[in-house]
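Residue-level structure breakdown
Now for the letters of each chain:
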Amino acid sequence: MVSILEGRVAVVTGASSGIGEACALGFVEKGAKVVLAARRVERLSALVEKIEGMGGEALAVATDVTDEDAVANLFAEAVARFGTVDVLINNAGIAENVPVQDTSLDHWNKVIGTNLTSAFLCSKHAWPIFKKGGHGRIVNVGSISAKVPRKECPSYTASKFGLAGLTHAMALDGRDDNIAVSIFHPGIVATEIMPGSVKLPDNFAATPEEAAGIIIHMCDMPDYINFYEALMVQNKLPFLGRG
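The structure displayed is predicted, hence computed values, not measured ones. (Residues numbered from 1 in each chain as written. Predicted model: local features only at pLDDT ≥ 70, side-chain atom pairs only at ≥ 80, totals over all residues. Heavy atoms only, no water.)

1. A look at the overall build of the protein
Along the backbone of the protein there are six helices and seven strands. Ordered by position in the sequence, the α and β elements of the protein form the string β-α-β-α-β-α-β-α-β-α-β-α-β. Relative to its length of 243 residues, the protein is compact, with a C-alpha radius of gyration of 17 Å against a globular reference of 18 Å. Dimensions along the principal axes, computed over C-alpha positions, put the protein at roughly 50 × 35 × 35 Å. In the protein, buried positions account for 49% of the 243 residues. Across the protein, the fraction of contacts at a sequence separation of at least 24, relative to all contacts at a separation of at least 6, is 70%. Working note: accessible area of the protein is about 11,700 Å², and carbon and sulfur atoms make up 54% of it. (Helix = DSSP H or I, 4+ residues; strand = E, 2+ residues; numbered from the N terminus. Rg over C-alpha atoms; globule rule 2.2 N^0.38 Å. Buried < 20%, exposed > 50% of the residue type's maximum accessible area, 1.4 Å probe, protein only. Contact = heavy atoms within 4.5 Å. Areas by Shrake-Rupley, 256 points an atom, 1.4 Å probe, with all protein chains shown as cover.)

2. Remarks on the sheet that holds strand E1 (residues 9–13)
One open sheet holds the seven strands; their spatial order is E3-E2-E1-E4-E5-E6-E7, and the pairing between them is parallel. In this open sheet, the two edge strands, each paired with only one partner strand, are strand E3 (58–62) and strand E7 (229–231). Direction aside, neighbouring strands of the sheet carry axes that sit 15° apart on average. With three bridges joining them, E1 and strand E4 (residues 87–90) adopt parallel strand pairing. Its bridge partner being in E4, Val12 is matched across the sheet by Ile89. Along the sheet face, helix H3 (residues 68–82) touches E1, strand E2 (33–38), E3 and E4 and points at about 155° away from the line of E3. (Pairing = 2+ DSSP bridges. Axes fitted to C-alpha atoms, helices over the stretch in contact; angles between N-to-C directions.)

3. Quick word on the state of the cysteines
In this structure the tally under the stated criterion is zero disulfides. The closest cysteine sulfur to the non-disulfide-bonded Cys23 is located on Cys219, 7.6 Å from its own sulfur. With no disulfide of its own, Cys122 lies 14 Å from the sulfur of Cys23, the closest cysteine sulfur. (Disulfide = S-S within 2.5 Å.)

4. Focus on the pattern of salt bridges
By the definition in use, this model includes four salt bridges. Across the pair Lys30 and Asp220 runs a salt bridge, and its minimum N-O distance is 3.2 Å. Here Asp220 lies in the loop between helix H6 (208–219) and E7 and Lys30 lies in the loop between helix H1 (18–29) and E2, a separation of 190 residues in the sequence. Across the pair Glu229 and Lys147 runs a salt bridge whose closest N-O atoms are separated by 2.7 Å. Of this pair, Glu229 sits in strand E7 while Lys147 sits in the loop between strand E5 (136–141) and helix H5 (154–174), placing them 82 residues apart in sequence. Judged by its relative accessible area of 36%, Lys147 is partly exposed. (Salt bridge = Lys/Arg side-chain N within 4 Å of Asp/Glu carboxyl O.)

5. Quick word on the nonpolar core
Ranked by size, the top nonpolar core spans 35 residues in total, and within it Phe27, Leu36, Ile51, Ile89, Phe184 and Ile215 carry the most contacts. For this core, the secondary-structure elements that each account for two or more residues are E1, H1, E2, helix H2 (41–53), E4, E5 and H6. Beyond its immediate sequence surroundings of up to four residues, Ile89 is in contact with Val11, Val12, Thr13, Phe27, Val139, Val141, Ile215 and Cys219. Counting 32 residues, the second-largest nonpolar core is a separate cluster that includes Leu59, Leu88, Leu163 and Met170. (Core = buried A, V, L, I, M, F, W, Y, C linked by side-chain atoms within 4.5 Å.)

6. Thoughts on helix H4 (residues 105–133)
Its 29 residues place the ends of H4 40 Å apart at the C-alpha level, agreeing with the 42 Å of an ideal helix rising 1.5 Å per residue. Of all the bends in H4, the greatest, near 45°, is centred on Gly113. (Expected span 1.5 Å × (residues − 1). Bend = angle between axes of the 7 residues up to and from the residue.)

This is the structure we're talking about:
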């Protein structure tokens, strides 16, 4: 069965490692073309080479997703290369663990900017392209912390709760233009954003590929369907009830 993603163009932010890199590879396996956005140019170049070795098509655009001019350039280059954009994965983000009394305003602004404002900016610049193309899909990468927070990470928690609200608002606003907006909440994933997670047992932390598989599935839907929300949680994570 041919995937709806065959021949479509997906922009992935935070694409230089972890879930973003795994998403890029997953889209290519479905026959999509990918636009890779991140700040680490060397990582992006290596990923483009890998994708081209798979027979896929990829464009790397060094991007600070908190800078609107850089975001505008990202989508301009995507359209210049591939003609359109069909899918946006707002994956760029940072994690933090700083108690509220020790959180500087600069730190707060950095976390909110990277995790929340970047998703707004990328969605804003993707939106006109989606409207012109007659369809579009956005998946925001949230967090289980948007359901139940961890201790001493107010900036991160606020950013992910905000991202959930932004998702709901854009999903509502996108309906008339056939734009589906959804959110994926990963539990614990062994990535560079959470270095401690790689020290957990092999059967506890999820791999980036496992998380990306869910995101790809959420995108591999007919245009009239919005897989609005997904939550991935480890069986042994004390999330569902008392331990």
